[in-house]
Amino acid sequence: QLQFVESGGGLVQPGGSLRLSCAASGFTLDYYAIGWFRQVPGKEREGVSCISMYGGSINYVDSVKGRFTISRDNAKNTVYLQMNSLKPEDTAVYYCASRRYLCSDYLSDYDYWGQGTQVTVSS
């Protein structure tokens, strides 16, 4: 059984922070690139950030640059997304996904997906 478990979502006021975690079960993340994606009802799922194997390459969508930080801890088989200065437009269900070995811009390239965690930014 291969799966991700996302956690850390919740309700936060604008300007607040959340740290999302993506823990892998059934496989190790060492040789995988991990991406974070988000989706709101009626909208297409979009890529937020990705970190490659060993963390050699990292990218972010323009709207979160300077506010979000992706990182990985292979010893814990977990990838994190630190989200600061949150805005209402960040409200979405956030998903993590993996592929070998480098990041991709295409959702279809990712093989394993988590079930998502809700992030709501509201005053």
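So, here is what we can say about the structure in this document.

**Describing the overall build of the chain**
Helix and strand counts for the chain come out as zero helices and eleven strands. Reading the helices (α) and strands (β) of the chain from amino to carboxyl end gives β-β-β-β-β-β-β-β-β-β-β. For the chain, the C-alpha radius of gyration of 13 Å lies close to 14 Å, the compact-globule estimate for 123 residues. Dimensions along the principal axes, computed over C-alpha positions, put the chain at roughly 40 × 30 × 30 Å. Counting all 123 residues of the chain, 40% fall into the buried class. Nonlocal contacts in the chain, meaning residues at least 24 apart in sequence, comprise 58% of its contacts between residues at least 6 apart. Only carbon and sulfur atoms are counted for the fraction: they give 46% of the accessible area of the chain, which is about 6400 Å². Charge centroids of the chain, computed over 11 positive and 11 negative side chains, lie 4 Å from each other.

**Things to note about the packing of aromatic side chains**
With the rule as written, the count across this model stands at eight aromatic pairs. Relative to Tyr112, the ring of Tyr32 has its centre 6.5 Å away and its plane inclined at 65°; by these criteria the two rings are edge-to-face. With Tyr32 in the loop between strand S3 (18-25) and strand S4 (33-39) and Tyr112 in strand S10 (residues 112-113), the pair connects residues that are 80 residues apart, well separated along the chain. According to the relative accessible area criterion, Tyr32 is buried, its value standing at 9%. Note on Phe37 and Tyr110: the rings are 5.1 Å apart at their centroids and 75° apart in plane angle, and the pair reads as edge-to-face. Residue Phe37 is found in strand S4, and its partner Tyr110 is found in the loop between strand S9 (92-99) and S10; the two are separated by 73 residues along the sequence. For the pair Phe37 and Tyr110, a shared accessibility class is recorded, and that class is buried. One aromatic cluster is present, formed by Phe4, Phe27, Tyr32 and Tyr112 through successive ring pairs. Between Arg19 and the ring centre of Tyr80, over which it is positioned, the NZ or CZ distance is 3.8 Å. It is Arg45 that lies over the ring of Tyr95; its NZ or CZ is 3.8 Å from the centre.

Cut-offs applied
Residues take numbers from 1 onward in each chain, read along the sequence in its written order. Where totals are concerned, whole chains, interfaces and linings use all residues; where local detail is concerned, this predicted model gives features only for residues with pLDDT of at least 70, and gives and counts side-chain atom pairs only at 80 or more. Processing note: side-chain calculations cover all non-hydrogen atoms of the structure and skip hydrogens and water entirely. A run of H or I in DSSP counts as a helix once it spans at least four residues, and a run of E counts as a strand once it spans at least two, with each numbered from the N terminus. Taken over C-alpha atoms, the radius of gyration is set against a globule rule of 2.2 Å times the number of residues to the power 0.38. The cut-offs for exposure are 20% and 50% of the maximum accessible area for each residue type, with area from a 1.4 Å probe on protein chains only; residues under the lower value are buried, those over the upper are exposed, and the others partly exposed. Contact criterion: two residues are considered in contact whenever any of their non-hydrogen atoms come within 4.5 Å of each other. Each accessible area is a Shrake-Rupley estimate made with a 1.4 Å probe; only the visible protein chains count as cover when residues are assessed. Charge assignment: positive for Lys and Arg, negative for Asp and Glu; neither His nor the chain ends contribute. Where a charge lies is defined by one atom per residue type: Lys uses NZ, Arg uses CZ, Asp uses CG and Glu uses CD. Paired rings are identified among Phe, Tyr and Trp, the last through its six-membered ring, by centres lying within 6.5 Å, and are further divided according to the angle between planes into stacked (under 30 degrees), edge-to-face (over 60) and tilted (the rest). For a lysine, the NZ atom is tested; for an arginine, the CZ atom; a charge sits over a ring if that atom is within 6 Å of the ring centre and within 35 degrees of the ring normal.

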